[in-house]
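Okay, here's what each chain looks like letter by letter:
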Protein chains: 2
Amino acid sequence: MISDELWQQVIDYIKKSNQFTLTTHVNPDGDGIGSEIALFYFLSNLKKKVRVINHSLTPKVYRFLDPDLKIIENFSKEKKEWINKSDIIFILDISTKERLGDLGVPVSESSAIKICFDHHASSEAFSNINLIDVNACATGELIYDLIYKYNNAFTSEIVEALYISILTDTGSFRFSNSTVRSHLITAELIRMGIKPREMYEKAYEMSSWEKIFLFREALSTLSKEGDGKIACMYITQEMMEKTRAKREDIEGFVDYLNVIKDIEVALLFVEVFKRGTKVSLRSKGRIDVNELAKIYGGGGHYHAAGIMMHNVSLKEAMNMVINVVDKKIKEKMNENKDSGSQSISD
Amino acid sequence: MISDELWQQVIDYIKKSNQFTLTTHVNPDGDGIGSEIALFYFLSNLKKKVRVINHSLTPKVYRFLDPDLKIIENFSKEKKEWINKSDIIFILDISTKERLGDLGVPVSESSAIKICFDHHASSEAFSNINLIDVNACATGELIYDLIYKYNNAFTSEIVEALYISILTDTGSFRFSNSTVRSHLITAELIRMGIKPREMYEKAYEMSSWEKIFLFREALSTLSKEGDGKIACMYITQEMMEKTRAKREDIEGFVDYLNVIKDIEVALLFVEVFKRGTKVSLRSKGRIDVNELAKIYGGGGHYHAAGIMMHNVSLKEAMNMVINVVDKKIKEKMNENKDSGSQSISD
């Protein structure tokens, strides 16, 4: 819970400030982008000067929130001055400083007040003011609270962006962060005019035939590993070229495997041009894949994590990671047997 | 909206009755099964004598609501007497009499008061008392209302079953029936103890490796038809045998295609042993697939419909249906051009 004093402090800072920079993490998701867009319109409606400057390009799927590409900019050196002269920098949905990417140095060097809104458990308090609430389903929930407390002036653009924040970060209300509050806020957003079906199509429609053809290629590599407890797929550079799909098209592929009943962990290995192999890990809940990813310098959450294995071939990466995951699952099974509780192999 | 008088009438009937039969439509879905289970526990908790008797078996994915198979029974002749002697028969989530299947005759012949709860627009009022609300997201929403109005005594089994009703019938809150009210009720159900992640895994986990291997086979047949406006897949009997998947495993396959951005209609053709070809149609919103299905004696909704083409081979069915759908899309495109509005080919 964020205290009333802290909220009031942020509201006072906004009132007396004029120039704002908003940013979010590298490879932004629907919550990062949605929170930025909502906050952009809120501040613009207050006649403030606002720019949204990110490290990464906006993923294609979220561009409908900024259709004329007039809101979100990519960082370049000449934008340093704006960042430096800002009164406030809002840092959104970021758990660690590193996730600022190219914005890291200019944000640190700026004399602006840095205000962080986040809902990650692992969040470091690295800003001047930190509004971190691990019980919030998304950063968008905190932006909703801010606007509600400030002037309750929700325009259609704000409502749409906040809905996308909550919809995508709760996985369409299926993850454990689908709370009473996330549904109550969503009810309000629908009351204010959101059309859920339209929003869903925008946020989740496959971007292209290329994407689904790439998924078909990936699925053709599907294998049962670790006595059927691991579902594994891979994507080669050749498949990418053949289908003409883009890197961002791969999003969601590994989650599809994670619904297989009998598995513990789903893995996706992607051959990355000149760099090595990217691994995505998903857990059904009994194995902490964040812990596993850390072994190779990766990270994420308990249920979802990733690793970038530099200069490691697809085949090597698969051998290494499958082995480690398999070992972990077997350990866990033995633990459960020893403690007399139900074995996960049941 | 259902009037207070009608609610009171139903409550009075329940109060003075002792023996109940509950049923739902052939090939029941999460809403049909969830509504039955919730109503079963509600009435049992009132110390009423209740049996749930269906035409079809409960799909595997919903059996967790009745894990010991002690609640839902399948119809057989010796159950006629129970149905006949019931004081009330609750007919749940059924829009037309035909969807009662084998229960049609015994229900009609029974001297019981028939009370129908439904939310389908096409619902025929064929019972003695009809509680039909097309604004309800699911029949489960009406069962929630009944229990709330009767005694507000929600037990964990009731809460779980109602959550499954709403979750599955709104497609995890993405269809247009995701209303303010469906979110407010869901917030209540979570407040009463529902764990969304667990529920989602139960309701949506792929039932088996067999299912995902069948999906891989189906996806390998994916073709672009009708100038890329139709996405089409098929499943042969050979694929079913090869993967050892079950008929019910096919559920959801066609919906996966329907997220492709550029299409208007997704089609799935399934070769059915000794019978012909089953066709599933999905629309992105501009084509009424219910209307198209009717041409071949099928039906459903605007966005989702099905046809059973008896004694028609897979190949013939594909030729016929793709042709008709393609023609309809072209007609629609020309209409839009003529009226000067934006063409759907844009």
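The structure presented is a predicted model; accordingly, all values stated were derived computationally and were not measured. (Residues numbered from 1 in each chain as written. Chains lettered and ligands numbered in written order. Predicted model: local features only at pLDDT ≥ 70, side-chain atom pairs only at ≥ 80, totals over all residues. Heavy atoms only, no water.)

Attention now moves to the interface of chain A and chain B. Reports often express the size of an interface as the amount of accessible area lost when the parts come together. The interface is formed by 48 residues belonging to chain A together with 49 residues belonging to chain B. Note on chain A versus chain B: buried area summed over both sides is about 4400 Å², and carbon and sulfur give 66% of it. When the area that chain A buries against chain B is broken down by residue, the three leading residues are Arg-174, Arg-197 and Trp-209 of chain A, summing to 18%. At the boundary of chain A with chain B, the tally comes to zero salt bridges. No other element matches helix α7 (residues 180-191) of chain A, which puts seven residues into the side of chain A that touches chain B. Classifying every residue of the side of chain A that touches chain B gives 24 nonpolar, 14 polar and ten charged. (Contact = heavy atoms within 4.5 Å. Buried area = accessible area lost by both parts, 1.4 Å probe. Salt bridge = Lys/Arg side-chain N within 4 Å of Asp/Glu carboxyl O. Helix = DSSP H or I, 4+ residues; strand = E, 2+ residues; numbered from the N terminus. Nonpolar A, V, L, I, M, F, W, Y, C, P; charged D, E, K, R; others polar.)

Further remarks concern the sheet that holds strand β12 (residues 304-310) of chain A. All names here are of chain A. Spatially, β7-β8-β9-β10-β12-β11 is the arrangement adopted by the six strands of the open sheet, whose pairing is mixed. With partners counted over all chains shown, the strands left at the sheet margins are β7 (223-225) and β11 (299-300), one partner each. As paired elements, strand β8 (residues 230-235) and strand β9 (residues 265-272) share six bridges and run parallel to each other. By the bridge assignment for β9, Cys-232 is matched with Leu-267. (Pairing = 2+ DSSP bridges.)

Turning our eyes to something else, we now look at the domain arrangement of chain A. All names here are of chain A. For chain A, the assigned domains read domain 1 (4-204) and domain 2 (209-338). For domain 1 versus domain 2, the distance between C-alpha centres works out to 30 Å. Between domain 1 and domain 2, a total of about 360 Å² is buried, with carbon and sulfur atoms accounting for 41% of that surface. On the surface where domain 1 and domain 2 come into contact, there are zero salt bridges. If you look at where domain 1 meets domain 2, you find one residue pair in polar contact (both at pLDDT 80 or more). (Domains from an automatic or database assignment. Polar contact = N/O pair within 3.5 Å; in protein donor to acceptor, adjacent residues only side chain to side chain.)

Below, the discussion takes up the nonpolar core. Judged by nonpolar contacts, the single largest core of 113 residues is most densely connected at Phe-90 and Phe-117 of chain A together with Ile-14, Phe-90 and Phe-117 of chain B. Those residues within four positions of Phe-90 of chain B in sequence are excluded, and the remaining contacts are Ile-14, Phe-20, Thr-21, Leu-22, Thr-23, Leu-39, Leu-43, Ile-115 and Phe-117 of chain B. With 46 residues, the next largest nonpolar core counts Ala-218, Ile-250 and Leu-257 of chain A together with Ala-218 of chain B among its residues. (Core = buried A, V, L, I, M, F, W, Y, C linked by side-chain atoms within 4.5 Å. Buried < 20%, exposed > 50% of the residue type's maximum accessible area, 1.4 Å probe, protein only.)

To continue, consider the sheet that holds strand β9 (residues 265-272) of chain B. The strand order β7-β8-β9-β10-β12-β11 (chain B) describes an open sheet built from six strands, whose pairing is mixed. Two strands lie at the open edges of the sheet, namely β7 (223-225) and β11 (299-300) of chain B, each paired on one side alone.

A separate point is the relation of the copies chain A and chain B. Expressed as a screw transformation, the operator carrying chain A onto chain B has a rotation angle of 180° and an axial translation of 0.0 Å, and the superposed copies differ by an RMSD of 0.1 Å. The symmetry that links the two subunits is that of a two-fold axis. When each C-alpha of chain A is compared by its distance to the rotation axis, His-183 of chain A comes out closest, at 2.6 Å. Interface residue correspondence from chain A to chain B reaches 100%, placing this contact among same-surface, isologous pairings. (Least-squares fit on C-alpha atoms with pLDDT ≥ 70 in both.)

Okay, the pattern of salt bridges next. Residues and elements named next belong to chain A. Counted under the stated rule, the structure contains 30 salt bridges over all chains. Of the charged contacts in the structure, one is a salt bridge between Glu-160 and Lys-202, with a shortest N-O distance of 4.0 Å. Here Lys-202 lies in helix α8 (residues 196-204) and Glu-160 lies in helix α6 (residues 156-169), a separation of 42 residues in the sequence. For Lys-202, a relative accessible area of 32% translates into the label partly exposed. One continuous salt-bridge network, built from bridges that share partners, spans Arg-51, Glu-73 and Lys-79.

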